[in-house]
Amino acid sequence: MTMQQFTFEDLKRILLAGAGAEEGVDLDGEILDTSFEDLGYESLALLETGSRIERQYGITLDDDALTDSPTPRSLIEAVNARLAVSTSTAA
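Residues numbered from 1 in each chain as written. Predicted model: local features only at pLDDT ≥ 70, side-chain atom pairs only at ≥ 80, totals over all residues. Heavy atoms only, no water.

Examining the environment of Glu-54
Moving on, step 1. Looking at the element boundaries, Glu-54 is found in helix α2 (residues 43–57).
Moving on, step 2. On the basis of relative accessibility, which here comes to 25%, the residue Glu-54 falls in the partly exposed class.
Moving on, step 3. With 25 residues separating them along the chain, Glu-54 and Val-79 place their C-alpha atoms 9.1 Å apart. (Helix = DSSP H or I, 4+ residues; strand = E, 2+ residues; numbered from the N terminus. Buried < 20%, exposed > 50% of the residue type's maximum accessible area, 1.4 Å probe, protein only.)

Rendered as structure tokens:
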């Protein structure tokens with residue numbers, strides 16, 4: 001079974017659909033290591049983002065996945081780790 005990958009493009013799409021973007025924030029820039037707080041995404045926006053990821057990718061994220069992922073890069077890594085576990089248990 002091929003493992004599904006969660007990409008930066010996927011995250012941007014979900015962030016924009018769920019919470020939009022703060023004025024002056026360029027999600028197409030080099031933001032992988034910029035904190036969500038600095039990007040204008042607060043805890044409620046991240047909870048909505050997590051819910052959308054779970055629904056679209058058929059996974060469950062631990063509560064810590066969002067709170068321990070302060071940057072886009074760390075959230076993408078957390079989602080891909082969960083997708084890998086989901087794929088290995090489905091095989």
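Picking up where we left off.
Quick look at the nonpolar core
Moving on, step 1. Of all hydrophobic cores here, the largest spans 22 residues; its most connected members are Phe-6, Phe-36, Tyr-41, Ile-53 and Val-79.
Moving on, step 2. When contributions to this core are tallied by element, the ones reaching two or more residues are α1 (8–19), α2, α3 (63–67) and α4 (72–90). (Core = buried A, V, L, I, M, F, W, Y, C linked by side-chain atoms within 4.5 Å.)

As for the confidence of the model for the protein chain
Moving on, step 1. When pLDDT is averaged across the protein chain, the result is 87; 89% of the residues are at 70 or more.
Moving on, step 2. Of all the helices and strands in the protein chain, α3 carries the lowest mean pLDDT, 85, while α2 carries the highest, 92. (pLDDT = per-residue confidence, 0-100.)

Focus on the pattern of salt bridges
Moving on, step 1. Tallying each qualifying case throughout the model produces five salt bridges.
Moving on, step 2. A salt bridge links Arg-13 to Asp-10, with the nearest nitrogen and oxygen atoms 3.4 Å apart. With Arg-13 and Asp-10 both in helix α1, this residue pair falls three residues apart, about one helical turn.
Moving on, step 3. Classification of Arg-13 by relative accessible area gives partly exposed; the value is 40%.
Moving on, step 4. Looking at Asp-10, the relative accessible area reads 15%, which means it is buried.
Moving on, step 5. As a salt-bridge pair, Lys-12 and Asp-28 come within 2.6 Å of each other at their nearest N and O atoms. Taken together, the positions of Lys-12 in helix α1 and Asp-28 in the loop between α1 and α2 put the pair 16 residues apart, joining distant regions of the chain. (Salt bridge = Lys/Arg side-chain N within 4 Å of Asp/Glu carboxyl O.)

A short note on the side chain of Asp-10
Moving on, step 1. Here the side chain of Asp-10 touches Tyr-57 through a polar contact of 3.2 Å, side chain to side chain.
Moving on, step 2. Filtering out sequence-adjacent residues up to four positions away, Asp-10 remains in contact with Gln-5 and Tyr-57. (Polar contact = N/O pair within 3.5 Å; in protein donor to acceptor, adjacent residues only side chain to side chain. Contact = heavy atoms within 4.5 Å.)

Considering the packing of aromatic side chains
Moving on, step 1. Here the structure, examined in full by the defined rule, presents one aromatic pair.
Moving on, step 2. Ring geometry for Phe-6 against Tyr-57: centres 5.3 Å apart, planes inclined by 85°, an arrangement best described as edge-to-face. You can see Phe-6 sitting in the segment before α1 and its partner Tyr-57 sitting in helix α2, a full 51 residues away along the chain.
Moving on, step 3. Residue Tyr-57 is classed as buried on the basis of its relative accessible area, which comes to 11%. (Phe/Tyr/Trp six-rings, centres within 6.5 Å; stacked < 30°, edge-to-face > 60°.)

Overview of the environment of Val-79
Moving on, step 1. By the secondary structure assignment, Val-79 is in helix α4.
Moving on, step 2. Apart from residues no more than four positions distant in its own chain, Val-79 is found in contact with Phe-6, Ile-53, Ile-59 and Leu-61.

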